[in-house]
Protein chains: 2
Amino acid sequence: MVLINGIEQTSIDYRDRGLQYGDGLFETILINNGTPVYLEKHLNRLFLGCQRLAIAPPDHQKLRDEIRSVSSLTQNAVQKIIVTRGVGGRGYLPSDDSNTTRIISTHPLPECPGDLFTRGISVRICQTRLGQNPFLAGIKHLNRLEQVLARAEWGDSDIKEGLLLDTSNNVVEGTMSNLFCVKDGQLYTPIIDQCGVEGIMRSVVMDLVCRHNIEVECVQLTLDDVARSDELFLTNSIIGIWPVTQLENQSFAIGSVTREIKRWIDQEKF
Amino acid sequence: MVLINGIEQTSIDYRDRGLQYGDGLFETILINNGTPVYLEKHLNRLFLGCQRLAIAPPDHQKLRDEIRSVSSLTQNAVQKIIVTRGVGGRGYLPSDDSNTTRIISTHPLPECPGDLFTRGISVRICQTRLGQNPFLAGIKHLNRLEQVLARAEWGDSDIKEGLLLDTSNNVVEGTMSNLFCVKDGQLYTPIIDQCGVEGIMRSVVMDLVCRHNIEVECVQLTLDDVARSDELFLTNSIIGIWPVTQLENQSFAIGSVTREIKRWIDQEKF
């Protein structure tokens, strides 16, 4: 089922600024037994994005109700929410009207064999770089060509993810995930202030480890820093946590910190 | 009239990657007496963009025919062509299918009093910066949030354009135009290798001045370089050429080089 502005339909006006300029935001939410997981965290990021782009946010309660009503029709799935500035304005200049478009759709879960946690995954380093723009960093906006280009770099299905560097040679994230490094029992994750997305599972992990008195620092990380890590793992809302056992030619073990965090995530109530 | 994939309609599938990721390209073409101006140059850039993004290009002759048939229904207007990767693929990963979407629409010319050439225009310097990404530089892709944010910085209708710097402090372009500086009889324009769009009118001006033995160099330009110029002007396909007479607090005269180039453009056959 697809709800666009509260109506069951599957097409949008070609003039929508989401299409014309990528002028909008999205969220990708895990539906578990008909319930959207970490819904409030996703909505918080979505509304923060609206604020950052000065898009009139959709009515909070209406959006929440629509999300829950679409979620309840499925058991386990991915739900995608798109919010755009809608139709209007002259060229790039947005209009003052609030014509915000909201699109809620559900999709099958990606094929992710459950043993990827026990086996770990292979990751490559992408050639595509992330341009830096503090105004757009952190939010999940619709300008995703860098991710499309990066993901198109490989076809080998044994490689599950690619790491992206920014134009200053800092490691930022995966094409669809955030990165954590473990070194001497402490966690490090790239700071998301110039580019990249502040993932929901990234913030869940940060909260969890703080509650368990493990230190986590948001820092600038080079490829060398990553290579010197004891453990590496990736996070996103749909997969949860993936240990990295191979990064290009370097192997990593699935360490005790990664295992413990995985256990905490699985026990978490959302 | 709006033609989407050759059919008169105004809505597109919400799954179109143009909306989902800004995964596509566009052109904005001047229609003069029913004829698209510099059509082949626009199509060249569009097809170059398809190549760069590995989007299967629409059939050249079919697209050309559709553009001409829509153009012939109007006298003077703006025509917008959007080409997207269409529906398909898993997440960011594009599919191998060629489902390219093509959208051709016409719009009224913007209100541009003709005396803007004789009076010149006021230009501001935007706070929004352009992220650098050589893979995306030059082509007119659909990831335009930086331009939307930059254009939203001002509401004063006396200010006609804003200049954008990149994250390395180079002046790159206007939100919807390219910049030329004249210094000691020679032309300079920002090099478009890290970000920015290689405008059609920019290339027309470069060809014209070369034919008239005026040197033009594509260089890295700082705001100081711009401030030390004798003449400044902006170009785009719809407005042609706009002399800049005010940049923030600094005034510029409309110089002889700018006037001559304006004359050459007006005489040009397209």
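Residues numbered from 1 in each chain as written. Chains lettered and ligands numbered in written order. Predicted model: local features only at pLDDT ≥ 70, side-chain atom pairs only at ≥ 80, totals over all residues.

Concerning the interface of chain B and chain A
Piece 1. Each side of the interface is counted separately: chain B has 44 residues, and chain A has 44 residues.
Piece 2. Those elements that provide at least two residues to the side of chain B that touches chain A are strand 1 (2–4), strand 3 (11–13), helix 1 (17–21), strand 7 (101–107), strand 8 (121–130) and helix 5 (145–151) of chain B.
Piece 3. Among the elements that take part in the side of chain B that touches chain A, helix 5 of chain B stands out by supplying 6 residues, more than any other.
Piece 4. Here the side of chain B that touches chain A is built from residues that sort into 21 nonpolar, 15 polar and 8 charged.
Piece 5. Pairing of strand 3 (residues 11–13) of chain A with strand 3 of chain B, which is carried by 3 bridges, proceeds in the antiparallel orientation. In the sheet register, Ser 11 of chain A faces strand 3 of chain B, and the bridge partner there is Asp 13 of chain B. (Contact = placed C-beta atoms within 7 Å. Helix = DSSP H or I, 4+ residues; strand = E, 2+ residues; numbered from the N terminus. Nonpolar A, V, L, I, M, F, W, Y, C, P; charged D, E, K, R; others polar. Pairing = 2+ DSSP bridges.)

A word on the relation of the copies chain B and chain A
Piece 1. In the superposition of chain B on chain A (RMSD 0.0 Å, axial shift 0.0 Å), the rotation amounts to 180°. Such a combination of turn and shift is consistent with a two-fold rotation axis.
Piece 2. Interface residue correspondence from chain B to chain A reaches 100%, placing this contact among same-surface, isologous pairings. (Least-squares fit on C-alpha atoms with pLDDT ≥ 70 in both.)

Some details on the sheet that holds strand 6 (residues 77–84) of chain B
Two orientations exist for strands paired in a sheet by backbone hydrogen bonds: parallel and antiparallel.
Residues and elements named next belong to chain B.
Piece 1. In space, the 6 strands of this open sheet follow the order 2-1-7-6-4-5, with antiparallel pairing throughout. Of all strands in the sheet, those bounded by a partner on one side alone are strand 2 (7–8) and strand 5 (35–36).
Piece 2. Inspection of the sheet shows strand 1 paired to strand 2 by 2 bridges, in the antiparallel sense. When the bridges of strand 2 are listed, Ile 4 appears paired with Ile 7.
Piece 3. Here helix 2 (residues 39–53) sits on the sheet and contacts strand 4 (24–32), strand 5 and strand 6; the angle it forms with strand 4, its principal contact strand, is near 180°.
Piece 4. Packed on one face of the sheet, helix 3 (residues 60–71) meets strand 1, strand 4, strand 5, strand 6 and strand 7 and runs near 20° to strand 7. (Axes fitted to C-alpha atoms, helices over the stretch in contact; angles between N-to-C directions.)

Here we look at the domain arrangement of chain A
It is common to give the size of an interface as the accessible area lost on bringing the parts into contact.
Residues and elements named next belong to chain A.
Piece 1. By the assigned domains, chain A splits into domain 1 (2–107) and domain 2 (116–267).
Piece 2. Its C-alpha centre places domain 1 at a distance of 26 Å from the equivalent point of domain 2.
Piece 3. Taken together, the contacts link 18 residues of domain 1 with 11 residues of domain 2.
Piece 4. Mapped by element, the contributors of at least two residues to the side of domain 1 that touches domain 2 are strand 4 (24–32) and helix 2 (39–53).
Piece 5. Of the residues belonging to the side of domain 1 that touches domain 2, the class tally is 8 nonpolar, 6 polar and 4 charged. (Domains from an automatic or database assignment.)

Things to note about the packing of helix 6 (residues 200–211) of chain A against helix 8 (residues 256–267) of chain A
Residues and elements named next belong to chain A.
Piece 1. Between helix 6 and helix 8, the shortest axis-to-axis distance is 10 Å and the interhelical angle comes to 105°. Judged on the interaxial angle alone, helix 8 and helix 6 are roughly perpendicular. Where helix 6 abuts helix 8, its residues Val 204, Val 205, Leu 208 and Val 209 lie against Ile 261, Trp 264 and Ile 265.
Piece 2. Looking at the contact of helix 6 with helix 8, its residues break down into 7 nonpolar, no polar and no charged. (Parallel < 35°, antiparallel > 145°, perpendicular 65-115°, else oblique.)

Re the nonpolar core
Piece 1. In this structure, Val 244 of chain A together with Val 244 of chain B are the most contacted members of the largest nonpolar core, which totals 137 residues.
Piece 2. With 6 residues, helix 6 (residues 200–211) of chain B is the single largest residue contributor to this core.
Piece 3. In this view, Val 244 of chain B contacts Gly 120, Ile 121, Val 123, Leu 232, Phe 233, Leu 234 and Phe 252 of chain B; residues no more than four positions away in its chain are not counted. (Core = buried A, V, L, I, M, F, W, Y, C linked by C-beta atoms within 7 Å. Buried ≥ 20, exposed ≤ 12 C-beta atoms within 10 Å, placed from the backbone.)

Brief notes about the pairing of strand 13 (residues 216–219) of chain B
Piece 1. The sheet contact formed by strand 12 (residues 186–190) of chain B and strand 13 of chain B spans 4 bridges and is parallel. From the neighbouring strand, Leu 187 of chain B faces strand 13 of chain B, where its bridge partner is Val 216 of chain B.

Section: unusual backbone geometry
Piece 1. Even without a glycine there, the phi angle at Ala 54 of chain A is positive, about 55°.
Piece 2. On the basis of neighbour counts, which here come to 11 C-beta atoms within 10 Å, the residue Ala 54 of chain A falls in the exposed class.

Focus: the sheet that holds strand 2 (residues 7–8) of chain A
Residue and element names in this part refer to chain A.
Piece 1. A sheet is described by the order of its strands in space; here 6 strands give the open sequence 2-1-7-6-4-5, paired in antiparallel fashion. Here the strands that pair on one side only, and so sit at the sheet edges, are strand 2 and strand 5 (35–36).
Piece 2. Bridging between strand 4 and strand 5 involves 2 bridges; their strand directions are antiparallel. Note on strand 5: the bridge partner recorded for Asn 32 is Thr 35.
Piece 3. Against the sheet, helix 2 makes contact with strand 4, strand 5 and strand 6 (77–84), and its axis sits at roughly 180° relative to strand 4, the strand it touches most.

Some details on helix 6 of chain A
Piece 1. Compared with an ideal rise of 1.5 Å per residue, which puts 12 residues at 16 Å, helix 6 of chain A spans 17 Å between its outermost C-alpha atoms and is within 8% of the ideal.
Piece 2. Phi turns positive one or two residues past the end of helix 6 of chain A, at Asn 213 of chain A, with a value near 60°. (Expected span 1.5 Å × (residues − 1).)

Some thoughts on the environment of Asp 166 of chain A
Residue and element names in this part refer to chain A.
Piece 1. Here Asp 166 shows up in strand 9 (residues 159–166).
Piece 2. On the neighbour-count criterion, Asp 166 (24 C-beta atoms within 10 Å) is buried.
Piece 3. The spacing of Asp 166 and Gln 9 is 157 residues in sequence and 38 Å in space, taken between C-alpha atoms.
Piece 4. When sequence neighbours within four positions are dropped, the list of residues in contact with Asp 166 reads Arg 129, Leu 130, Gln 132, Val 172, Gln 194 and Cys 195.

So, the confidence of the model for chain A
Piece 1. The predicted model of chain A averages 95 in pLDDT, with 100% of residues at 70 or higher.
Piece 2. What the predictor reports for the complex is a pTM of 0.96 with an ipTM of 0.96. (pLDDT = per-residue confidence, 0-100.)

Notes on the environment of Gly 22 of chain B
Piece 1. In this fold, Gly 22 of chain B is placed in the loop between helix 1 and strand 4.
Piece 2. The spatial distance from the C-alpha of Gly 22 of chain B to the C-alpha of His 141 of chain B is 7.6 Å, given a sequence separation of 119 residues.

Digging into helix 3 of chain B
Residue and element names in this part refer to chain B.
Piece 1. Between its first and last C-alpha, helix 3 extends 16 Å over 12 residues, near the 16 Å set by a 1.5 Å rise per residue.
Piece 2. If you check which residues of helix 3 are buried, you get Leu 63, Ile 67, Val 70 and Ser 71. In an axial view of helix 3, the angular spread of the buried residues amounts to 100°, which keeps them on one side of the axis. When the buried face of helix 3 is taken as reference, the exposed residues oriented beyond 90 degrees from it are Gln 61, Lys 62 and Asp 65.
Piece 3. Packing partners of the buried residues in helix 3 comprise strand 1, strand 4, strand 5, helix 2, strand 6 and strand 7. (Arc of directions from axis to C-beta.)

A look at the environment of Asn 133 of chain B
Piece 1. If you trace the backbone, Asn 133 of chain B turns up in the loop between strand 8 and helix 5.
Piece 2. Judged by the 21 C-beta atoms lying within 10 Å of it, Asn 133 of chain B is buried.
Piece 3. Placed 62 residues apart in sequence, Asn 133 of chain B and Cys 195 of chain B show a C-alpha to C-alpha distance of 5.9 Å.
Piece 4. Beyond its immediate sequence surroundings of up to four residues, Asn 133 of chain B is in contact with Arg 129, Gly 131 and Glu 146 of chain A together with Cys 195 of chain B.

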